Amino acid sequence: KEASESELDSDDDLVPYDLSNDVKTAIAKRPKYLRDLIEGFRDDNDVDIWLGSLEVCEELIYKQLPEDDVTLGIDILDILLCLERRVFCENFDNLRFSSAVAVVVVYPEAGAQYLCKQFHEDIGKYSIAQRMYMLDILSASAKILSTPKDLNKQLDSTALSIRSNRNEPDWYSVIQARIESHTRKFCQPKKPPKLGVENKFANVAGFFLFPLLRGTGKTSPGIVYRANFETSSKEESCLLFLRFLKTCAFIVACSVNSTAATRMGKELMEATWSFRFHEEARIREAVVGCLAAVVIAVPSSRLTTELLDEMIEARLWLDNVVGSHGVIGGQNCEVDDQCRAFAAQVSLLIGNALSK
């Protein structure tokens, strides 16, 4: 009797359920459209939908946003700026950052103008970290747009993907290889010229820099020029201003071969020239970096004509920085060794550009 009861309780004769094709709940709840993505970020009840929205955000933006309205991209960018970590998510910062960059890459003009406007909003709306986050988005977007992919590599990869999807062999390649193996060549044929690659940043470079430098366009100055007086921490305002100068210099450096490079370089020098006597050595070094970006981006023909006076004055100041040591003649000169070394390099760069 005991043996019969043990046989009845045994599960050996049950067939195990096949779980190989099951999909995880978080993956199944991922949104498939951009408007569902926005709803997923605003959903406070289901955590899986929120995580799925964050994981597929960048992919959906690159696939669907170019065919959609620009206002939808601005709405997504506005959500990403203030998005906070609700639950544990691996690579939360990277996913959020790459998604915001994707919006600006798809719509660079509208995205850059929106970020610059939000950056110069009144103190209290955004924190210092959020404003630095906006500057990082602008820099990363400018880098992606100014370094386009090689069109020849794109065509080759597309052809390989098409061939790999086919089940039958590529007879054209097989026959072509046989013909070439039996062909005697007396000279090497000329290689076809490489196809040109469009620089997508050249036409939108001004939208990245001018609103960032000029502020909101109202009578009040931008957030950076008011940070020293209204922020509670002097160190925080210095970090924000330092990131601001580096971002402006990076944007100008990315505008090489752009028609607006000369005007951008001139406005950058005018906006930052008065900060060369700042009390912080990091700020003075960043001003030197802005000069280097101008020399790199602006063609030599324009430096020797339209910006000749500015370049001569800048080089005289850099030479003074290189040769100064502490307090000389009652004037407080440059005492930072790293700043003097950087100034020497930029002075040499200006000299080489003016000698062409």
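Preceding this section is the structure that the text describes.
A few points on the structure. (Residues numbered from 1 in each chain as written. Predicted model: local features only at pLDDT ≥ 70, side-chain atom pairs only at ≥ 80, totals over all residues. Heavy atoms only, no water.)

### Overview of helix 18 (residues 337-354)
Counted only if it meets this: By the criteria applied, helices consist of DSSP H or I runs no shorter than four residues and strands consist of E runs no shorter than two, each listed in order from the N terminus. For a helix, the expected span equals 1.5 Å multiplied by the number of residues minus one. Per-residue accessibility, obtained with a 1.4 Å probe over protein chains only, is compared with the maximum for each type, and a residue is labelled buried under 20%, exposed over 50%, and partly exposed between these values. The arc under discussion is defined with respect to the helix axis, by the directions toward the C-beta atoms.
End to end, helix 18 covers 26 Å across 18 residues, agreeing with the expected 26 Å (1.5 Å per residue, within 8%). Here helix 18 has its buried residues at Cys339, Arg340, Ala343, Val346, Ser347, Ile350, Gly351 and Ala353. All buried residues of helix 18 project into a common sector of 155° when viewed along the axis, lining one side. The exposed residues of helix 18 that point more than 90 degrees off its buried face are Asp337, Gln338, Gln345 and Leu348.

### Examining the side chain of Ser141
As a reminder, the rule being used: Contacts are assigned to residue pairs that have any heavy atoms within 4.5 Å of one another.
For Ser141, the position within the fold is in helix 8 (residues 128-146). Classification of Ser141 as buried rests on a relative accessible area of 0%. Excluding anything up to four places from it in sequence, Ser141 contacts Val101, Val104, Val105 and Phe208.

### Digging into the pattern of salt bridges
To keep things clear, this is the line we draw: The salt bridge definition used is simple: a Lys or Arg side-chain nitrogen within 4 Å of an Asp or Glu carboxyl oxygen.
The final tally for this structure, using the stated rule, is eight salt bridges. Notably, a salt bridge pairs Asp68 with Arg35, separated by 2.8 Å at the nearest N-O pair. Here Asp68 is found in the loop between helix 4 (47-64) and helix 5 (70-81), whereas its partner Arg35 is found in helix 3 (residues 34-42), with 33 residues between them in sequence. Classification of Asp68 by relative accessible area gives partly exposed; the value is 24%. When the shortest N-O distance is used, the salt bridge between Asp93 and Arg85 registers 4.0 Å. A relative accessible area of 46% places Asp93 in the partly exposed class.

### Notes on the packing of aromatic side chains
Let me state the cut-off plainly: Each pair of aromatic rings taken from Phe, Tyr and Trp, with Trp reduced to its six-membered ring, is defined by centres within 6.5 Å and is described as stacked if the planes are under 30 degrees apart, edge-to-face if over 60, and tilted in the remaining cases.
Taken as a whole and assessed by the stated rule, the structure comprises six aromatic pairs. Between Phe119 and Phe244 the ring centres are 6.1 Å apart and the planes differ by 5°, which places this aromatic pair in the stacked class. You can see Phe119 sitting in helix 7 (residues 108-119) and its partner Phe244 sitting in helix 13 (residues 234-254), a full 125 residues away along the chain. The pair formed by Phe119 and Phe244 is uniform in burial state, with each residue classed as buried. Between Phe241 and Phe244, the aromatic rings sit 6.2 Å apart at their centres with planes inclined by 20°, giving stacked as the arrangement. Residue Phe241 and its partner Phe244 are located together in helix 13, separated by three residues, close to a single helical turn.

### Topic: the packing of helix 14 (residues 261-272) against helix 15 (residues 281-297)
Rules: Helix axes are fitted only over the stretch in contact, all axes being lines through C-alpha atoms; the angle between N-to-C directions runs from 0 to 180 degrees. Oblique is the label for any angle not under 35 degrees, not over 145, and not in the 65 to 115 range, which are roughly parallel, roughly antiparallel and roughly perpendicular in turn. Handedness of each helix crossing follows the sense of rotation of the near helix against the far helix: counterclockwise by less than a right angle gives left-handed, clockwise gives right-handed. We call Asp, Glu, Lys and Arg charged. Ala, Val, Leu, Ile, Met, Phe, Trp, Tyr, Cys and Pro are nonpolar, and the rest, Gly among them, are polar.
Where helix 14 contacts helix 15, the axes come no closer than 9 Å and their chain directions differ by 165°. Of the possible angle classes, the one that applies to helix 14 and helix 15 is roughly antiparallel. As for the relative orientation of helix 14 and helix 15, their crossing is left-handed in sense. Listed contacts from helix 15 to Ala261, Gly265, Leu268, Met269 and Thr272 of helix 14 are Val287, Cys290, Leu291, Val294 and Ala297. When grouped by side-chain class, the residues that make up the contact of helix 14 with helix 15 number eight nonpolar, two polar and no charged.

### Notes on a nonpolar patch on the surface
Defined as follows: Nonpolar side chains (Val, Leu, Ile, Met, Phe, Trp, Tyr) within 5 Å and like charges within 9 Å form the patches, drawn only from residues with over 30% relative accessible area and no salt bridge. To measure how exposed things are, a 1.4 Å probe is used in the Shrake-Rupley method; for residues, cover is taken only from the protein chains shown.
Nonpolar side chains collect at one region of the surface, where Trp171, Val174, Ile175 and Ile179 lie side by side and expose about 390 Å² of accessible area between them. Along the chain, Ile179 turns up in helix 10 (residues 171-181). Using a relative accessible area of 45% as the deciding quantity, one classes Ile179 as partly exposed.

### Things to note about the environment of Ile144
Tracing the backbone through its elements, the reader meets Ile144 in helix 8. Here Ile144 falls in the partly exposed class, since its relative accessible area comes to 39%. Sequence separation of Ile144 and Lys200 is 56 residues, and the distance between their C-alpha atoms is 9.2 Å. With near-sequence residues (within four places) excluded, Ile144 lies in contact with Val101 and Val105.

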